[in-house]
Amino acid sequence: MKKNTIVYLLAVFVFSSCGEYNALLKSTNYEYKYEAAKNYFAKGQYNKSATLLNELITILKGTDKAEESVYMLGMSYYNQEDYQTAAQTFITYYNTYPRGTFTELARFHAGKALYLDTPEARLDQSGTYAAVQQLQMFIEYYPKSEKKAEAQKMIFELQDKLVLKEFLSAKLYYNLGNYLGGNNYLSCVVTAQNALKDYPYTHYREDLSILVLKSKYEMAIYSVEDKKIERYREAVDEYYAFVNEFPESKYLKDAQEIFKESNDVIKD
């Protein structure tokens with residue numbers, strides 16, 4: 001009997017809560033609706049707060065509640081992990097209120113939302129570039145922000161993802177070699193060198209550098225006779241550059257073999 005009573009009371013509570021929310025959706029008392037949206041937000045019921053705020057932001061435009069309503073809407077989306085919509089809402093906020101109460105936070109969360117939404121390295125990285133841009137803008141606008149260090153950390157992680165994308169492309173070119181008649185080794189060299197130039201402090205620097213060395217060596221092997229010696233010399237020069245930067249490289253054995261075989265050809 002006691003158990004049935006508890007179940008009944010819970011059912012009454014749920015249905016009354018649902019009834020209250022449905023009544024709110026139909027209400028034209030926007031002051032009451034706004035306070036309810038804030039209450040839902042405070043309780044972590046972000047889907048309900050977002051639904052109410054979506055209606056209210058147009059109605060509240062020009063009032064003292066407009067600014068807060070847009071920021072809360074952005075955070076409601078953010079906390080539901082709808083990062084794309086959250087980012088666009090935060091961007092709308094700081095464009096509308098460039099000196100608003102929440103502008104610093106909106107700029108930060110616009111970047112962080114895009115950061116959290118970035119795809120894996122093998123996929124298109126346009127979202128990653130957008131996230132880097134937003135976070136860099138945040139640091140430019142707020143160089144003394146307490147969130148600067150976190151923003152910089154996210155930028156470094158995003159840049160590593162962009163480099164990984166280039167590394168995977170360079171590695172693919174190398175693995176293709178002379179397949180399909182194209183000079184994929186040259187494409188590997190160009191891709192890897194561009195990544196090294198654009199991101200000189202990347203964690204993938206050693207991996208990219210060995211790909212350049214290996215590709216130049218392969219280009220020498222498959223080169224026409226009148227350019228063979230020149231290409232082997234380029235491979236030797238690349239070897240010296242590699243071991244000078246990475247004297248204890250995990251690829252040292254491969255590099256030394258390339259050097260020996262290239263030197264043997266040049267001496268002959």
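Because the structure is predicted, anything quoted here is derived from the model rather than measured.

(A) Broad picture of helix 9 (residues 184–198). With 15 residues, helix 9 should cover 21 Å at 1.5 Å per step; its first-to-last C-alpha distance of 21 Å lies within 8% of that length. Buried within helix 9 we find Asn184, Tyr185, Cys188, Val189, Thr191, Ala192, Ala195 and Leu196. Those residues of helix 9 that are buried are in contact with helix 8 (148–176) and helix 10 (205–221).

(B) Spotlight on the packing of helix 8 against helix 9. Look at helix 8 against helix 9: their axes get within 7 Å of each other, and the N-to-C directions meet at 160 degrees. In terms of axis orientation, helix 8 runs roughly antiparallel to helix 9. Considering how the two elements wind past one another, helix 8 and helix 9 form a crossing that is left-handed. Along its contact with helix 8, which presents Glu166, Ser169, Ala170, Tyr173, Tyr174 and Leu176, the element helix 9 presents Asn184, Tyr185, Ser187, Cys188, Thr191, Ala192 and Ala195. Of the residues that constitute the contact of helix 8 with helix 9, the class distribution is 8 nonpolar, 4 polar and 1 charged.

(C) Structural context of the packing of helix 6 (residues 103–116) against helix 8. It is at 11 Å that the axes of helix 6 and helix 8 come closest, and there the two elements cross at 30 degrees. Here helix 6 lies roughly parallel to helix 8, going by the angle between them. Considering how the two elements wind past one another, helix 6 and helix 8 form a crossing that is left-handed. On helix 8, the residues touching Phe108, Lys112 and Tyr115 of helix 6 are Glu150, Ala151, Met154, Glu157 and Leu158. Among the residues making up the contact of helix 6 with helix 8, the classes are represented as 5 nonpolar, no polar and 3 charged.

Thresholds applied
Residues numbered from 1 in each chain as written. Predicted model: local features only at pLDDT ≥ 70, side-chain atom pairs only at ≥ 80, totals over all residues. Heavy atoms only, no water. Helix = DSSP H or I, 4+ residues; strand = E, 2+ residues; numbered from the N terminus. Expected span 1.5 Å × (residues − 1). Buried < 20%, exposed > 50% of the residue type's maximum accessible area, 1.4 Å probe, protein only. Contact = heavy atoms within 4.5 Å. Axes fitted to C-alpha atoms, helices over the stretch in contact; angles between N-to-C directions. Parallel < 35°, antiparallel > 145°, perpendicular 65-115°, else oblique. Left-handed = near helix turned anticlockwise from the far one by under 90°. Nonpolar A, V, L, I, M, F, W, Y, C, P; charged D, E, K, R; others polar.

These results come straight from atomic positions and should not be treated as a statement about function.
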